[in-house]
Amino acid sequence: MPRRRENYGNWNVLNVSILGNFSLRNLSGKKIELRNRRGKALLALLAIDPEHQLSREHVSQLLWSGRFKKQARASLRQCLHDLSREFELLGVSLFETSNTHIALKNDLISTDLQQLEKILAEGSIDKAIIELDKLKGQRLLQDLKFGDTFEAWLRAQRLQVESRLRVIVDRR
């Protein structure tokens with residue numbers, strides 16, 4: 001039975017929160033619940049740097065590390081299919097895919113990390129303090145848990161994000 005199309009309002013940009021716990025909202029601020037845990041993680045991985053693509057091989061190893069390569073790749077295909085279908089019900093085609101890579105259509109998303117980077121780049125110290133204050137003690141994608149391989153990758157991503165933020169601040 002097809003799922004009823006939810007009314008999430010006008011779609012121009014999907015707001016993705018990756019600092020702290022992952023969440024997804026439309027422009028009006030209405031929370032969008034994704035049913036698939038690994039689908040959420042896939043979207044989150046891509047949202048860390050939405051201008052870049054990730055290899056299917058790498059993503060399948062991160063999210064299905066305990067499976068054989070072919071099984072992990074098949075699981076990724078199914079997850080991507082299910083997630084794409086869920087977004088199509090909302091009236092948006094969010095992913096760009098090839099046989100080897102996955103990417104987001106970055107003009108359709110905005111992340112809290114991008115917003116923080118923009119505020120820091122503009123030199124808006126007061127705004128930056130407010131945003132950073134909201135993040136007290138929260139880490140990038142702190143609620144996602146997919147085993148040791150994923151955790152090691154996430155630690156590296158956290159260091160890269162910190163480095164990106166430092167570079168922006170140092171340029172000011």
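Everything discussed here concerns the structure shown above.
This report concerns the structure included in the present document. Predicted, not measured: the structure shown is a model, and the values here were computed from it. Going along each chain's sequence as written, the residues are numbered from 1 onward. Only residues with pLDDT of at least 70 get local features here, since the model is predicted, and only at 80 or more are side-chain atom pairs given and counted; chain-wide, interface and lining totals rely on the full set of residues. To obtain the side-chain values, all non-hydrogen atoms of the structure were included, while hydrogens and water were left out.

### A closer look at the overall build of the protein
Then, number 1: Secondary structure summary: the protein contains 6 helices and 6 strands in total.
Then, number 2: Labels follow the DSSP assignment, with helices taken as runs of H or I lasting at least four residues and strands as runs of E lasting at least two, numbered in each case from the N terminus. Reading the secondary structure of the protein in the N-to-C direction produces β-β-α-β-α-α-β-β-β-α-α-α.
Then, number 3: Among the 172 residues that make up the protein, the fraction classed as buried is 41%.
Then, number 4: Contacts between residues were defined by any pair of non-hydrogen atoms, one from each residue, lying within 4.5 Å. Considering only residue pairs separated by 6 or more positions, the protein has 60% of its internal contacts joining residues 24 or more positions apart.
Then, number 5: Counting only carbon and sulfur atoms, one obtains 47% of the accessible surface of the protein, whose full area is about 10,200 Å².
Then, number 6: All tallies of charge rest on Lys and Arg as positive and Asp and Glu as negative; His and the ends of each chain are not included. The atom standing in for a charge is NZ when the residue is Lys, CZ when it is Arg, CG when it is Asp and CD when it is Glu. The average position of the 30 basic charges and that of the 21 acidic charges among the side chains of the protein differ by 6 Å. To sort residues, take the accessible area from a 1.4 Å probe on protein chains only and compare it with the maximum for the residue type: under 20% means buried, over 50% means exposed, and anything in between is partly exposed. Every accessible area reported is derived by Shrake-Rupley at a probe size of 1.4 Å, with residue values counting cover from the shown protein chains alone.

### A short note on the environment of Glu162
Then, number 1: Looking at the element boundaries, Glu162 is found in helix H6 (residues 148-171).
Then, number 2: Using a relative accessible area of 39% as the deciding quantity, one classes Glu162 as partly exposed.
Then, number 3: Note: C-alpha distance between Glu162 and Leu108 (54 residues apart in sequence) is 24 Å.

### Overview of the environment of Gln142
Then, number 1: Relative to the helices and strands, Gln142 resides in the loop between helix H5 (125-134) and H6.
Then, number 2: The partly exposed category is assigned to Gln142, whose relative accessible area is 21%.
Then, number 3: Discounting chain neighbours no more than four positions away, the residues touching Gln142 are Gly20, Asn21, Gly137 and Arg158.
Then, number 4: Within the structure, Gln142 has its side chain in polar contact with the side chain of Asn21 (distance 3.4 Å). Think of a polar contact as two N or O atoms within 3.5 Å of one another; within protein, one of them needs to be a possible hydrogen donor and the other a possible acceptor, and neighboring residues in sequence only count if both atoms come from side chains.

### Here's the deal with the layout of surface pockets
Then, number 1: Space inside the largest pocket adds up to approximately 300 Å³.
Then, number 2: In terms of lining residues, the largest pocket is bounded by 13 residues, among which Leu19, Gln138, Val161, Glu162 and Leu165 are the most central.
Then, number 3: Residue contributions to the lining of the largest pocket peak at 6 residues, all from H6.
Then, number 4: Ten residue types, Ala, Val, Leu, Ile, Met, Phe, Trp, Tyr, Cys and Pro, are classed as nonpolar, four, Asp, Glu, Lys and Arg, as charged, and the remainder, Gly among them, as polar. Its residues assigned to classes, the lining of the largest pocket comprises 8 nonpolar, 1 polar and 4 charged. Computed over the protein atoms alone on a 1 Å grid, cavities are sets of points where a 1.4 Å probe fits but cannot get out and pockets are open sets with protein on both sides within 12 Å along at least five of seven lines; a residue lines them when it has an atom within 4 Å of a point. Grid points are joined across faces, edges and corners, and a volume is the space filled by probe spheres set on the points.

### Structural notes on the pattern of salt bridges
Then, number 1: By salt bridge we mean one thing: a side-chain nitrogen of Lys or Arg within 4 Å of a carboxyl oxygen of Asp or Glu. For the structure shown, the criterion picks out 9 salt bridges.
Then, number 2: Between Lys69 and Glu57 there is a salt bridge, with the nearest N and O atoms lying 3.8 Å from each other. Residue Lys69 is found in helix H3 (residues 69-89), and its partner Glu57 is found in helix H2 (residues 56-63); the two are separated by 12 residues along the sequence.
Then, number 3: Accessibility expressed as a relative area gives 57% for Lys69, which makes it exposed.
Then, number 4: A salt bridge links Glu57 to Arg73, with the nearest nitrogen and oxygen atoms 3.3 Å apart. Placement of Glu57 in helix H2 and of Arg73 in helix H3 is noted, with a sequence separation of 16 residues between them.
Then, number 5: With a relative accessible area of 25%, Glu57 lands in the partly exposed category.
Then, number 6: You can call Arg73 partly exposed: its relative accessible area is 22%.

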